[in-house]
Amino acid sequence: MSHPDLDQLCDGPLAPVLEGLEARRRAAVTRFVWIMAGFAVLAITCLIFIPDLAFKFFGGGAILFIGWLVASRPLEATARALKAPAVAAISQARGLTYEATDFSADGYEALHPLLGRPNDRTFRDRFAGERSGTAFAFYHAALIAGSGKSRREVFKGLIYAVTRRALQGETVVMPDRGLFNLFSPGTGMERVRFEDDPDFERNFEVYSTRPDEARAVINSVARQTLKGWRTGSGPMFARLASDQVTVAIADPDDRFGVGPMLKSIPGRERVRGLWEELDRALGQVHQVQSTFG
C-alpha cells in the first residue's frame, strides 16, 4: 500500500470512525482520571484505618489494581471501536482475510510440544492470504505454563504458517536446550548437527526424521536467516513437515494495536501504525517463503 492508498482508506470507509475519535478518547481519559481518583481515595482510607501494616499495603494495592481495571474499560472500548474497522479495511485492501479471535491456530498443535506444552494459550489477530500462489496465515500467540507462583510466560509473538513444496520427513528447529539436547522432541527424530556452522550450533538444535533432508532444507542460507530472526526477536521455533512450514518468532511487543489511548495521537497515525505492523508481518511471510519455500 502506498500513501495515497492509506489516505483513501482514511477519507473513505474509515472517515466515520476517525471523525470525533479524539473527542471520544478525551472523554474516556477524563473518566479514567475520575475513576482512578475515586479508587485512590479508597486506597488512602485503607492505609489510614487498617491497623496491620501488611494488610495496609495489600489492601491499598488491591484497590488500585481493581481501579485500574475498571478505569481502563472506556479506553479499551475506544481502542476497539477504531481497531476493528481499521484492520478490516486494511486487510481487505491487501487481499487478506482477518479474524480477531476464535479461529483455528494454523500449525500450532505440532509446535505445542516444542514450546513446553503450555497449559494456557491465547490467540488473536489472524491474517490469511495468498502470495505467488502460496497460501499463508499468521497470528499473535501468548502462551503460559504453570499456575500460581510457578505461572510463567513461555512464548509471546507471531506464528507464521506457510505452504511449501511437500517434504517426506519432519524437521524441527529449536533454541539450544543445554543437557536436554540429548532428548529428542519427537518420535523417530534424530539430532542433526552442522559442524561447519559453530555459531548456529551454539544457538539452535535441529532434529529430523530424515537427517539428509534436514541438511538440505536447513542449508547455509536458511541458517543465516534463522540466526537473524533469533538475534532480532529472541527465541524462535520452526517446523517443516508435509507441505507446511510453521515458524514461531518471539516478540515482546503487542502487535496490531492502535497505540496507547492515554496519549493523544492523530487517528490517521494510529491507522498508519496498523498498516506498518501488517507490512512488517507480510515482509516476514516473504522471508519464510523465500527461505523455506
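Everything below is about the structure shown above.
Only a predicted model underlies this, so the values are computations on that prediction, with no experimental measurement involved.

About the thresholds
Residues numbered from 1 in each chain as written. Predicted model: local features only at pLDDT ≥ 70, side-chain atom pairs only at ≥ 80, totals over all residues. Heavy atoms only, no water. Helix = DSSP H or I, 4+ residues; strand = E, 2+ residues; numbered from the N terminus. Expected span 1.5 Å × (residues − 1). Bend = angle between axes of the 7 residues up to and from the residue. Pairing = 2+ DSSP bridges. Axes fitted to C-alpha atoms, helices over the stretch in contact; angles between N-to-C directions. Contact = heavy atoms within 4.5 Å. Buried < 20%, exposed > 50% of the residue type's maximum accessible area, 1.4 Å probe, protein only. Patch = residues over 30% accessible without salt bridge, like charges linked within 9 Å, V, L, I, M, F, W, Y side chains within 5 Å. Areas by Shrake-Rupley, 256 points an atom, 1.4 Å probe, with all protein chains shown as cover. Salt bridge = Lys/Arg side-chain N within 4 Å of Asp/Glu carboxyl O.

A.B. asks: Now, about helix H4 (residues 53–93): what can you tell me, with residues and values included?
C.D. replies: Spanning 41 residues, H4 covers 58 Å between terminal C-alpha atoms, matching the ideal 60 Å at 1.5 Å per step. For H4, the principal kink sits at Arg 73 and spans about 35°; a proline, Pro 74, occurs within the next four residues. Gly 95 sits one or two positions beyond H4 and adopts a positive phi of about 75°.

A.B. asks: Talk me through the environment of Thr 225; I want residue IDs and the actual numbers.
C.D. replies: Counting through the fold element by element, Thr 225 comes out in helix H8 (residues 220–233). Measuring from C-alpha to C-alpha, the distance between Thr 225 and Gln 287 comes to 8.2 Å, with 62 residues separating the pair along the chain.

A.B. asks: Just give me the short version of the sheet that holds strand E1 (residues 97–99), but keep the residues and values in it.
C.D. replies: Reading across the sheet, the nine strands line up as E1-E2-E3-E4-E9-E8-E5-E7-E6 and stay open at both edges, with antiparallel pairing between neighbours. Every other strand in the sheet has two partners, leaving E1 and strand E6 (190–192) as the edge strands with one partner each. The sheet shows a mean angle of 15° between the axes of neighbouring strands, taken without regard to direction. Sheet topology note: the strand E5 (residues 170–175)/strand E8 (residues 236–241) ladder contains four bridges and is antiparallel. Bridge assignment links Val 173 to a residue of E8, and that residue is Ala 238. Here helix H9 (residues 267–292) sits on the sheet and contacts strand E2 (120–131), strand E3 (134–145), strand E4 (152–163), E8 and strand E9 (244–250); the angle it forms with E3, its principal contact strand, is near 110°.

A.B. asks: Pulling in residues and values, what's your account of the side chain of Thr 291?
C.D. replies: In this fold, Thr 291 is placed in helix H9. We classify Thr 291 as buried; its relative accessible area is 14%. Setting aside its immediate chain neighbours within four residues, Thr 291 contacts Ala 222 and Thr 225.

A.B. asks: So, the pairing of E3: which residues are in play, and what are the values?
C.D. replies: Burial analysis of E3 places nine of its 12 residues in the buried class, the great majority of the element. Joining the antiparallel neighbours E2 and E3 is a turn of two residues, in which Ser 132 adopts a positive phi near 50°. Examined bridge by bridge, E3 and E4 share 10 bridges and lie antiparallel to one another. Bridge assignment links Phe 136 to a residue of E4, and that residue is Val 162. Two successive antiparallel strands, E3 and E4, enclose a turn made up of six residues, where Gly 146 displays a positive phi of approximately 80°.

A.B. asks: Now, about the environment of Lys 149: what can you tell me, with residues and values included?
C.D. replies: On the secondary structure map, Lys 149 appears in the loop between E3 and E4. For the pair Lys 149 and Gly 59, spaced 90 residues apart in the sequence, the C-alpha separation amounts to 20 Å.

A.B. asks: Give a description of a nonpolar patch on the surface that names residues and reports values.
C.D. replies: Taken together, the side chains of Phe 65, Ile 66, Trp 68, Leu 69, Val 70 and Leu 262 present a nonpolar region at the surface, about 570 Å² in accessible area. Considering the arrangement of structural elements, one finds Ile 66 in helix H4. Using a relative accessible area of 44% as the deciding quantity, one classes Ile 66 as partly exposed.

These figures come from the coordinates and say nothing about function on their own.
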